[in-house]
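Report on the structure
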Amino acid sequence: MFFHKCTTSAAVVSRLQALLVLCIALPTLAHSTILEKLRDDPDLSQFYSLLEQNVVANYTLSLRSCTLFVPTNEAFQRHHGNTHVLYHIATVAMSQDQLSKTIITDMDGNPPLYVTKNRNGDVYINNARIIPSLSVVLSNAAGKRQVMHVIDEVLVPLTTLSTTKTDIINPDAFQFLQQADLLNIGENRLRTYRSQVTVMRKESLYQSPGYHTFLIPVDEGFKQTTRSSLVDNKVIDGHVILNNVIFTSAAQMETPQTTAAFEDNLKVTVSFYESNGKVYAKSNTIIGDGKHASGVVLAEIVKANIPVRNGVVHLIHRPLMVIDTTVAQFLQSFKDNENGALRKFYEVIMDIGGEVLDDINNMGEVTILAPSNDAWNASSLNNIIRNREKMRQIINMHIIKERLNVEKIRQKNQNMIAQVPTVDNKTFLYFNINGEGSNQTITVEGGGVNATLVQADVTQTNGYVHIIDKVLGVPYTTVFGKIESDPMLSDTFKLGQFSNFNEQLNNTQRRFTYFVPRDKGWQKTEIDLPSAHKKLFMKDFAYHSKSILERHLVIADRAFTMKDLVAMTAESDSIVLPTFRDSLKVKVEEEAGHLHDEYASHEWTGYVIIWNYKKINVYRPDVECTNGIIHVIDYPLLEEKDVVVGGIGGSYQIQENIYILLANIFMLAIAKFLY
């Protein structure tokens, strides 16, 4: 009886174990093939539905090894047009690390797919990114190895128009050019550029076997009647990146690629630039010649990522390398381009009357700092965007009456900060270069706003356009934020941080006028007052540092511009301003012929502060902030005695003096005792 019960129990345990193994195995059994995996995944249902209807695809999945590139349902929502299932299938099974540079597809003519990587190491098939966590390797019923890679875009091959009767199968770039009118590339026409390629006998460049990137301008870009004549054989070379296939999603933005026009006497690179969801191709003629001016030309990509047998084609809205428009004409080109990179800047100019364009057009040489479309979305602009007079002043702050490219900024910047007058000669802009090589950034400060040049040196016949990321002249940060971010005020900021002085500068309930020494001013004190300078930058002397900074900070019911201070001085010869701890007695004057510094190239009427018989130049007046005004000065309000005997640093020196006095008394007492 006991034995029977044990046997029964053992059988139950055995059955439970078998059931457990079955439960564990069920997921594997449910997805034993790629087809079943697709069928059961709700996020891939749209591709599965197309796959079911394709006889060739079903045959391949049933009997052959293969690799499938499967777009997600989300990718299909963004896709418009037909989906070519066989363009997503290769008849070799390849895991991600086995993918070669090109993959031959199962579509008619076997057009290739191109495999590239971006800067982060993500793998792309044409313009679609592989989602690595969703890749699967399985075998079909016939034991053939199959791989599925899930991708974030539908793959789009080059196809003919539905009305075309001629078969065009897997063309190279030249065949694409020749037969573009029969291909499915939208409303774009390429006849003018095609004609120039033929006239210049550059067919072989577009027939070159390999993996290249071709930039082809559409007919719309040749509206100017003389432009096509400027497209010579070197310009055509400048539209081809050899031995490098670049799809826009995988492109390393702002990374220059050498073109076929890269030789001893002419060097042209092309890079890609993104703004407001649009991608642009940018040629940079680094070294020009008599026919090809140096500089940057920006062209919007109007149809991207067209695969051909020997690479990829991007259609662009105008030819690269060709510099044949003025600055005003360049800005006017955004009139009919609603999503152009500078459309909002153009609209603002027209909203205030359009006279600005006339003024720009009448200038012999001009440089424009043009805020990007995103820059105009700043909330700080809401209250002034409809104030025509104020906006005219702000726009003028973005116009420079000279040709100013990055190289010239770099030359001016040898003295730390390059300074340039704007069109009205009353406002100066201050350029700063940080970093080197590909990590180099250029910033410009105007009216209290620090902006970065996101696209520099867009070259025109009479000057340059630099695209910046903020609108100058409309403050958006506090006094604290300004000195924290301004590269030429870092020493003052550092001094205020360790002395706990800076915290108050974020207070938007107060109005500050802050005379801020620039870094070069502090460097001068290291020579003039070495002992005082050394102590001020030691944390043990934070009390003294704070006291010195308090002398520079005026706190009142309003902030004072330099013009205010000059007028106040004229009334009473000198003025007394309320500071945090005490008061500041100064005279402020205008001085004709004053130079910003020893290397400056522009004379102007500048401001000087006279304090304790010292004349201190104002380097940058009236830097507006949301809670006050900063005046950048060439030298701190500092004397040797401030950190030695009897100055603001008195607590330290008084203690030292007491020790000396006691020592003297002690010596006198000993002398009396002895004598």
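Before going into details, it helps to say that this report is about the structure given with it. This one's a predicted model, so the numbers in the text were calculated from it and none came from an experiment. (Residues numbered from 1 in each chain as written. Predicted model: local features only at pLDDT ≥ 70, side-chain atom pairs only at ≥ 80, totals over all residues. Heavy atoms only, no water.)

1. Describing the overall build of the protein
Quick note on the threshold: Elements are defined by DSSP. Helices are runs of H or I of four residues or more, strands are runs of E of two residues or more, and each kind is numbered from the N terminus. Burial status follows relative accessibility: with a 1.4 Å probe on protein chains alone, a residue under 20% of its type maximum counts as buried, one over 50% as exposed, and anything between as partly exposed. We call two residues contacting when some pair of their heavy atoms lies within 4.5 Å. Computed by Shrake-Rupley with a 1.4 Å probe, the accessible areas treat only the displayed protein chains as cover when residues are assessed.
When you go through the protein residue by residue, the secondary structure sums to 21 helices and 29 strands. Among the 675 residues that make up the protein, the fraction classed as buried is 51%. Relative to all contacts within the protein whose residues are 6 or more apart in sequence, the contacts with residues 24 or more apart total 62%. Carbon and sulfur atoms provide 50% of the accessible area of the protein, an area that totals close to 32300 Å².

2. A word on the packing of aromatic side chains
Convention followed: A pair of Phe, Tyr and Trp rings is counted when the ring centres sit within 6.5 Å of each other, with Trp represented by its six-membered ring. The angle between the planes then sorts it: under 30 degrees is stacked, over 60 is edge-to-face, the rest tilted. By definition, being over a ring means that NZ of Lys or CZ of Arg is both within 6 Å of the ring centre and within 35 degrees of the ring normal.
Scanning the model with the defined rule gives 11 aromatic pairs in all. Taken together, a centroid distance of 6.3 Å and an interplanar angle of 35° make the contact between Tyr114 and Phe247 tilted. Of this pair, Tyr114 sits in strand S4 (residues 112-117) while Phe247 sits in the loop between strand S10 (240-241) and strand S11 (257-262); the two residues are 133 residues apart in sequence, bridging distant segments of the chain. For the residue pair Tyr114 and Phe247, the accessibility class agrees, reading buried in each case. Aromatic rings pair up to connect Tyr114, Tyr211 and Phe247 into one cluster. The ring of Tyr619 carries Arg518 above its face, with NZ or CZ at 3.8 Å from the centroid.

3. Quick look at the pairing of strand S1 (residues 66-71)
Let me state the cut-off plainly: Any two strands with at least two DSSP-identified bridges between them are counted as paired.
Burial within S1 is extensive, with 6 of its 6 residues counted as buried. As paired elements, S1 and strand S2 (residues 89-90) share 2 bridges and run antiparallel to each other. Its bridge partner lying in S2, Thr67 is registered against Ala90.

4. A few points about the sheet that holds S1
Strands in a sheet are paired, the pairing made by backbone hydrogen bonds, and the direction either parallel or antiparallel. Filter applied, for reference: Lines fitted to C-alpha atoms define the axes here, with helix axes fitted over just the stretch in contact, and angles between the N-to-C directions of these axes take values from 0 to 180 degrees.
Spatial strand order, S2-S1-S8-S7: 4 strands in an open sheet with mixed pairing. With one partner strand each, in any of the chains shown, S2 and strand S7 (136-139) form the two edges of the open sheet. Here S1 pairs with strand S8 (residues 145-151) via 6 bridges, running parallel. Within the sheet, the bridge partner assigned to Pro71 lies in S8 and is Ile151. Sitting on the sheet, helix H3 (residues 45-52) touches S1 and S2, and the angle it makes with S1 is about 130°. Strands in contact with helix H4 (residues 55-63) are S1, S2 and S8; relative to S1, the strand with the most contacts, it is inclined by about 130°.

5. Examining the sheet that holds S4
Strands sit in the order S3-S4-S5-S6 across an open sheet of 4 strands; the sheet is antiparallel. Two strands lie at the open edges of the sheet, namely strand S3 (102-104) and strand S6 (128-129), each paired on one side alone. Where strand S5 (residues 123-125) lies against S6, 2 bridges are found, and the strand directions are antiparallel. Residue pairing in the sheet places Ile125 in a bridge with Ala128 of S6.

6. Description of a nonpolar patch on the surface
The cut-off we apply is this: Exposure above 30% relative accessible area and the lack of any salt bridge qualify a residue for a patch; like charges then connect within 9 Å, and the nonpolar side chains Val, Leu, Ile, Met, Phe, Trp and Tyr within 5 Å. Think of a salt bridge as a Lys or Arg side-chain nitrogen and an Asp or Glu carboxyl oxygen that are within 4 Å of each other.
On the surface, a cluster of nonpolar side chains totalling about 240 Å² of accessible area is made up of Phe262, Ile286 and Ile287. Inspection of the secondary structure puts Phe262 in strand S11. Residue Phe262 is classed as partly exposed on the basis of its relative accessible area of 35%.

7. Examining the packing of helix H16 (residues 490-498) against helix H19 (residues 542-552)
Angle between the axes and distance between the axes are the two parameters that describe a pair of packed helices. Test applied: Working definition: roughly parallel below 35 degrees, roughly antiparallel above 145 degrees, roughly perpendicular at 65 to 115 degrees, and oblique for all remaining angles. In a left-handed crossing the near helix is turned counterclockwise from the far helix by less than a right angle, and in a right-handed crossing that turn is clockwise. Polar here means any residue outside two lists: the nonpolar Ala, Val, Leu, Ile, Met, Phe, Trp, Tyr, Cys and Pro, and the charged Asp, Glu, Lys and Arg; Gly therefore counts as polar.
Two elements in contact, H16 and H19, have axes separated by 8 Å at closest approach and are oriented at 125°. Taken together, the axes of H16 and H19 lie oblique to each other. For H16 against H19, the interelement crossing comes out left-handed. Together, Thr492, Leu495, Gly496 and Phe498 of H16 and Ala542, Ser545 and Leu549 of H19 make up the contact between the two elements. Of the residues assigned to the contact of H16 with H19, the class counts are 4 nonpolar, 3 polar and no charged.

8. Quick notes on the nonpolar core
Most often, soluble globular proteins keep nonpolar side chains buried together rather than apart. We count it as follows: Nonpolar cores were defined as sets of buried Ala, Val, Leu, Ile, Met, Phe, Trp, Tyr and Cys residues, with membership established by side-chain atoms within 4.5 Å.
Grouped together as the largest cluster of nonpolar side chains are 51 residues, with contacts concentrated most on Tyr514, Phe515, Ile609 and Ile630. Ranked by the residues each element gives to this core, the list is headed by strand S28 (residues 614-625), at 5 residues. Beyond its immediate stretch of four places on either side in the chain, Ile609 contacts Phe515, Met562, Val586, Lys587, Val588, Lys614, Lys615, Ile616, Val618 and Ile633.

9. Description of the side chain of His292
Going by this rule: Identification of polar contacts relies on pairs of N or O atoms within 3.5 Å, with a donor-acceptor requirement for protein atoms, meaning one able to donate a hydrogen and the other able to accept it, and with residues adjacent in sequence counted only if both atoms are side-chain atoms.
Tracing the sequence through the fold places His292 in the loop between strand S13 (278-287) and strand S14 (295-308). Residue His292 is classed as buried on the basis of its relative accessible area of 5%. Here Asp232 takes part through its side chain, which lies 2.8 Å from a polar atom of the side chain of His292. Here Asp289 takes part through its side chain, which lies 2.8 Å from a polar atom of the side chain of His292.

10. Thoughts on unusual backbone geometry
Positive phi, normally seen in glycine, also occurs at Asp457, with a value near 60°. Among the residues examined, Asp457 registers a relative accessible area of 15% and is labelled buried. The backbone of Tyr613 shows a phi angle near 70°, a positive value even though the residue is not glycine. Here Tyr613 lies in the loop between strand S27 (603-611) and S28. Note on Tyr613: relative accessible area 86%, which makes it exposed.

11. What to know about the pattern of salt bridges
A full pass over the atoms with the stated rule returns 28 salt bridges. Between Lys482 and Asp486 there is a salt bridge, with its nearest N and O atoms 3.2 Å apart. Side by side, Lys482 and Asp486 carry an identical accessibility label, which is buried. Shared partners join several salt bridges into a network, and the residues in it are Glu445, Lys482, Asp486 and Arg620.

12. Concerning the pairing of S4
Across the 6 residues of S4, 5 count as buried, placing the element largely inside the fold. As paired elements, S3 and S4 share 3 bridges and run antiparallel to each other. Within S4, the position partnered with Thr102 by the bridge is Tyr114. Between S4 and S5, which pair antiparallel one after the other, the connecting turn spans 5 residues, and Gly121 there sits at a positive phi close to 90°.

13. A short note on the environment of Ser372
Topologically, Ser372 is positioned in the loop between strand S16 (366-371) and helix H13 (388-396). In this structure, the C-alpha to C-alpha distance between Ser372 and Ile467, residues 95 residues apart in sequence, is 6.1 Å. The residues contacting Ser372, other than those within four sequence positions of it, are Ala341, Leu342, Ile467, Ile468 and Asp469.

14. Regarding H16
Residues of H16 that are buried: Asp491, Thr492, Phe493, Leu495, Gly496 and Phe498. Elements that come into contact with the buried residues of H16 comprise helix H15 (479-485), strand S23 (511-517), helix H17 (519-528), helix H18 (530-536) and H19. Asn500 sits one or two positions beyond H16 and adopts a positive phi of about 55°.

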